[in-house]
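# Working through the structure, step by step
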Amino acid sequence: KAGVTQTPRYLIKTRGQQVTLSCSPISGHRSVSWYQQTPGQGLQFLFEYFSETQRNKGNFPGRFSGRQFSNSRSEMNVSTLELGDSALYLCASSTPSGSGADTQYFGPGTRLTVL
Amino acid sequence: AQSVTQLGSHVSVSEGALVLLRCNYSSSVPPYLFWYVQYPNQGLQLLLKYTSAATLVKGINGFEAEFKKSETSFHLTKPSAHMSDAAEYFCAVTPNFGNEKLTFGTGTRLTIIP
């Protein structure tokens, strides 16, 4: 099976712009989660989607949003970019059993740089 | 809320020596615990996970971890370090009820000395 894919791998934007990142989960996986990784804050949970519904949300401002399509592919959007949004954005997919013990498989990430 | 603490942001060991990376969890009930590894410019790869089936968990690449409830610990070990083990390691936790949110520790960068 192909792994989790994320596009683009690298992105450079300027402050005030918006950006959309894409994630294709492993075939058959219905849950997609997004994480932000920065040197200062580490790995932080953004949100999780399951069957096109946001099921869980982290503590991020409303500028961060996402959605999931019927084929389980997911996008996240960041509007009005700030310098502090520069980070590696990781997507993970899983086949939820409802227990929290599911393995999340991570993609390679999208490196976003905001100038 | 569940959390994990990783002691030591940097650990250096000689090639062939024991690797010990520490992780302590904070939870009112035993959670599910995970160890992930991240190589430079890559995503995270699962090494092993504890889901209450067995306290000693064996993972990939010769790593294992033991869940100790009395010490609220889930330390990662490998008997003999290899140069290819150089990477960053993250301990993570999810609640033991339907919730996919992983809460990560701050990570430990492992350096292998030739």
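Below, the structure is looked at part by part. Along each chain, residues carry numbers from 1 onward, in the same order as the chain's sequence is written. Chain letters and ligand numbers both follow the written order, the letters beginning at A and the numbers at 1. Where local features are concerned, this predicted model is filtered to residues with pLDDT of at least 70; where side-chain atom pairs are given and counted, the filter is 80 or more; whole-chain, interface and lining totals use all residues. Side-chain numbers here rest on the full set of heavy atoms in the structure, without hydrogens or water.

### Some remarks on the overall build of chain B
Selection criterion: In DSSP terms, a helix is any run of H or I states spanning at least four residues, a strand is any run of E spanning at least two, and both are numbered starting from the N terminus. The globule rule used for comparison is 2.2 Å times the number of residues to the exponent 0.38, while the radius of gyration itself is calculated over C-alpha atoms. Using a 1.4 Å probe on the protein chains alone, a residue whose accessible area is under 20% of its type maximum counts as buried, one over 50% counts as exposed, and one in between counts as partly exposed. All accessible areas in this document rest on Shrake-Rupley with a 1.4 Å probe, and a residue is counted as covered only by the protein chains that are shown. The charged-residue count follows a simple rule in which Lys and Arg add positive charge and Asp and Glu add negative charge, with His and chain termini not counted at all. The atom standing in for a charge is NZ when the residue is Lys, CZ when it is Arg, CG when it is Asp and CD when it is Glu.
Broken down by element type, chain B carries zero helices and eleven strands. Relative to the globule expectation of 13 Å for 114 residues, the C-alpha radius of gyration of chain B, 13 Å, shows essentially globular dimensions. Counting every position in chain B, which comprises 114 residues, the buried fraction comes to 45%. If you sum the accessible surface of chain B, you get close to 5300 Å²; carbon and sulfur atoms cover 52% of it. If you average the places of the 8 positive and of the 7 negative side-chain charges in chain B, the two averages end up 5 Å apart.

### Re the interface of chain A and chain B
Inclusion rule: Contacts: residue pairs with any heavy atoms within 4.5 Å of one another. Buried area: the sum, over both parts, of the accessible surface (1.4 Å probe) that disappears when the two are put together. The term salt bridge refers to a side-chain nitrogen of Lys or Arg lying within 4 Å of a carboxyl oxygen of Asp or Glu. Polar contact is defined as a pair of N or O atoms within 3.5 Å, subject to the rule that within protein one atom must be able to donate a hydrogen and the other to accept it, and that residues adjacent in sequence are counted only when both atoms are side-chain atoms.
Every contact between the two is made by 24 residues of chain A and, on the other side, 22 residues of chain B. The junction of chain A with chain B conceals about 1800 Å² of combined surface from both sides, 50% of it contributed by carbon and sulfur atoms. Counting across the chain A and chain B interface gives zero salt bridges. On the surface where chain A and chain B come into contact, there are four residue pairs in polar contact (both at pLDDT 80 or more).

### Points about the packing of aromatic side chains
A ring pair, where both rings are aromatic, is described by two values, the distance of the centres and the angle of the planes. The criterion, for reference: Aromatic rings from Phe, Tyr and Trp, taking only the six-membered ring of Trp, are treated as a pair when their centres fall within 6.5 Å; an angle between ring planes under 30 degrees marks them as stacked, one over 60 as edge-to-face, and anything in between as tilted.
Summed over all chains, the structure comprises 14 aromatic pairs over all chains. Ring centres 6.4 Å apart and planes at 25° place the aromatic pair F34(B) and Y36(B) in the stacked group. For the pair shown, F34(B) and Y36(B) are each scored as buried. One aromatic cluster in this structure is built from Y35(A), F45(A), F106(A), F34(B), Y36(B), F90(B) and F104(B).

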